[in-house]
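# Secondary and tertiary structure notes
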Amino acid sequence: MLNYTFDWSIITSGKYFDWLLSGLLMTLKLSALSIVLAFLLGLLIAVMRMSHNRPVRWIAHAYLEFFRNTPLLVQIFFWYFGSYKILPTVINDWLNETGFEFAAAAIALTIYTSAFIAEDIRSGVLSIPKEQMEAARSAGFSYLRSMQYIILPQAIRITIPPLVNQFLNLAKNSSLAMTIGVMEMTYQARQVESYTFKGFEAFTAATVVYLVLSIVITSLVNLYNEKVLNVHKAA
Amino acid sequence: MITFKGVHKWFKSLHVLNDINLHVTPGEVLVVCGPSGSGKSTLIRTINQLEPISEGSLIVDGMNLSDRKTDINKLRAEVGFVFQQFNLYPHLSVISNITLAPAKIRNVPKKEAEEQAMALLTRVGLSEKRDAYPSQLSGGQQQRVAIARALAMKPRIMLFDEPTSALDPEMIGEVLAVMKDLALSGMTMIVVTHEMGFAREVAHRVAFMADGVILEEAPPEDFFLRPKHERAKQFLRQLLTPMHAECP
């Protein structure tokens, strides 16, 4: 016998709606910032990983193995509780004013995801025939500029499906930020549940938000793929 | 313009270039031929240092390739290279393939680079393909775009590594015609090819290679009518009458 009265009105208007909305905005902010930074950092690590300079390659390799083989939650805790102890007071004060929870979560998400993105980009680069690099080099481009103009633009196209996966993972992983007090979607849903005992409604709202967010990310990347990169034409 | 002196190259224990001595003068068209595995592709690839040499001296357009101070990217910008497999940039349109290097390396303004590219496309007979992508072109068209791309850097030397070997027979002529036109314009060219008709008609000199050694160097009329070396005779017999090559 179902002994629970659904009350969807609490999540569609009023105070709790505002909480959920602010959680959504925080999740969007955290995810968008981390996605952009993780992509750029991943690109850098991928290029370093393929460098002809042995120490540079080694540093990138160590970075990769370190950050993708430790749990994200541990990394979030490390940045939030751990780095706090070793940073100078000036920086800590500044971070506290600007919201250290958010910064720690963004750093952790960025670094963790960049390791996976770097490997995806690298495998994309390795799938480009070596003759493309030869053609670029023989035109007079340096190694880095060959990467920039000829190899990476092709590799990124190939890398887009796995990149979308990483972006989606990041958006969903951002829910872990609640553990250090970032008031994002999951945190707010939990709050609503605590105040109202309407756990079903609150977490349904969170579920729908994550689902829509993921679908939006996928659609945006696909649109970019088609309109900007002309993937179908330049097959 | 290009001078090899005692050049050697090893791939591990494989001796691919063995004491190469060769001099190419400005405006000269040199055809390099020989059986596969003779080192002719390696030879041409050493000139823009796609393959570094192991020993000896190689001077290209006044730049010594063994000197570590030589700016290799600057040298490569002066030397056009055309590949067997074209190697156009598949993510760029035809016009962008041609303008990329002039715009980014020589800092030619976009409009000027495009005008020059259109002039080159007209020269290779493909002006209507400016916005096509490489995958939409035939092999012969791709190779002509590749030649235009190399010419866009205004190179002083053009190198061709078996430019027609990957083409269907009916497309070979259109590429050779562009190369012939280029040779007549006075470009210094080294062409690795099996197209003996082209060699006979356009080359000033033919170099025959086998097993990493230049066995014979002669004007085309001498090379084709009076080859001296036994390997060269055998090679020409096989080229001219492949069906009967094994019959004495």
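What follows deals with the overall build of chain A. Tallying secondary structure elements over chain A gives ten helices and zero strands in all. Across chain A, helices and strands are ordered from the amino to the carboxyl terminus as α-α-α-α-α-α-α-α-α-α. By principal-axis analysis of the C-alpha atoms, chain A measures approximately 75 × 50 × 30 Å. Split into buried and exposed, the 235 residues of chain A put 46% on the buried side. A fraction of 75% describes how many contacts in chain A between residues 6 or more apart in sequence connect residues 24 or more apart. Computed over 17 positive and 14 negative side-chain charges, the separation of the two mean positions in chain A equals 11 Å.

Moving on, we come to the sheet that holds strand E10 (residues 213–218) of chain B. Residue and element names in this part refer to chain B. With respect to topology, six strands assemble into an open sheet ordered E6-E7-E8-E3-E9-E10, the strand pairing being mixed. In this open sheet, the two strands that pair with only one neighbour each are strand E6 (79–82) and E10. This sheet shows a mean twist of 15° between the axes of neighbouring strands, independent of strand direction. Across the face of the sheet, helix H6 (residues 169–184) comes into contact with strand E3 (29–33), strand E7 (157–161) and strand E8 (188–192) while running at roughly 150° to E8.

For the rest of this paragraph, the subject is the sheet that holds strand E2 (residues 14–24) of chain B. Residues and elements named next belong to chain B. Strand order across the open sheet formed by four strands is E2-E1-E4-E5, with antiparallel pairing between neighbours. Unpaired on one side and paired on the other, E2 and strand E5 (63–64) mark the two borders of the sheet. Strand direction decides the pairing type here: strand E4 (residues 55–60) and E5, joined by two bridges, are antiparallel. Counterpart to Val60 in the pairing with E5 is Met63.

So, about empty space enclosed by the protein. Following the criterion strictly, the structure yields one cavity of 30 Å³ or more and no others. Roughly 150 Å³ of internal volume is contained in the largest cavity. As for the largest cavity, its lining consists of 18 residues, of which Ser138 and Ala139 of chain A together with Phe81, Arg149 and Ala150 of chain B are closest to the centre. When contributions to the lining of the largest cavity are tallied by element, the ones reaching two or more residues are helix H7 (130–138) of chain A together with helix H2 (72–78), E6, helix H3 (94–105) and helix H5 (139–151) of chain B. Per-class residue counts for the lining of the largest cavity are 13 nonpolar, three polar and two charged.

Counting across every chain of the model gives 18 aromatic pairs over all chains. When the ring of Tyr4 of chain A is compared with that of Phe6 of chain A, the centres are 5.4 Å apart and the planes differ by 85°; the resulting orientation is edge-to-face. Overall, the relative accessible area of 30% leaves Tyr4 of chain A in the partly exposed class. Judged by relative accessible area, which is 41%, Phe6 of chain A ranks as partly exposed. Ring geometry for Phe208 of chain B against Phe235 of chain B: centres 5.3 Å apart, planes inclined by 50°, an arrangement best described as tilted. Residue Phe208 of chain B is located in strand E9 (residues 205–210), and its partner Phe235 of chain B is located in helix H9 (residues 230–240); the two are separated by 27 residues in the primary sequence. Relative accessible area serves as the criterion here: at 0%, Phe208 of chain B is assigned to the buried category. Residue Phe235 of chain B is classed as buried on the basis of its relative accessible area of 7%. An aromatic cluster of at least three residues, connected via ring pairs, comprises Tyr4, Phe6, Trp8 and Phe200 of chain A. Cation over ring: Arg149 of chain B sits above Tyr89 of chain B, and NZ or CZ is 4.4 Å from the ring centre.

What counts, and where the lines are drawn
- Residues numbered from 1 in each chain as written.
- Chains lettered and ligands numbered in written order.
- Predicted model: local features only at pLDDT ≥ 70, side-chain atom pairs only at ≥ 80, totals over all residues.
- Heavy atoms only, no water.
- Helix = DSSP H or I, 4+ residues; strand = E, 2+ residues; numbered from the N terminus.
- Buried < 20%, exposed > 50% of the residue type's maximum accessible area, 1.4 Å probe, protein only.
- Contact = heavy atoms within 4.5 Å.
- Lys, Arg positive; Asp, Glu negative; His and termini not counted.
- Charge placed at Lys NZ, Arg CZ, Asp CG, Glu CD.
- Pairing = 2+ DSSP bridges.
- Axes fitted to C-alpha atoms, helices over the stretch in contact; angles between N-to-C directions.
- 1 Å grid on protein atoms, 1.4 Å probe; cavity = no way out; pocket = protein on both sides within 12 Å on 5 of 7 lines; lining within 4 Å.
- Points joined across faces, edges and corners; volume = space filled by probe spheres on them.
- Nonpolar A, V, L, I, M, F, W, Y, C, P; charged D, E, K, R; others polar.
- Phe/Tyr/Trp six-rings, centres within 6.5 Å; stacked < 30°, edge-to-face > 60°.
- Lys NZ or Arg CZ within 6 Å of the ring centre and 35° of its normal.

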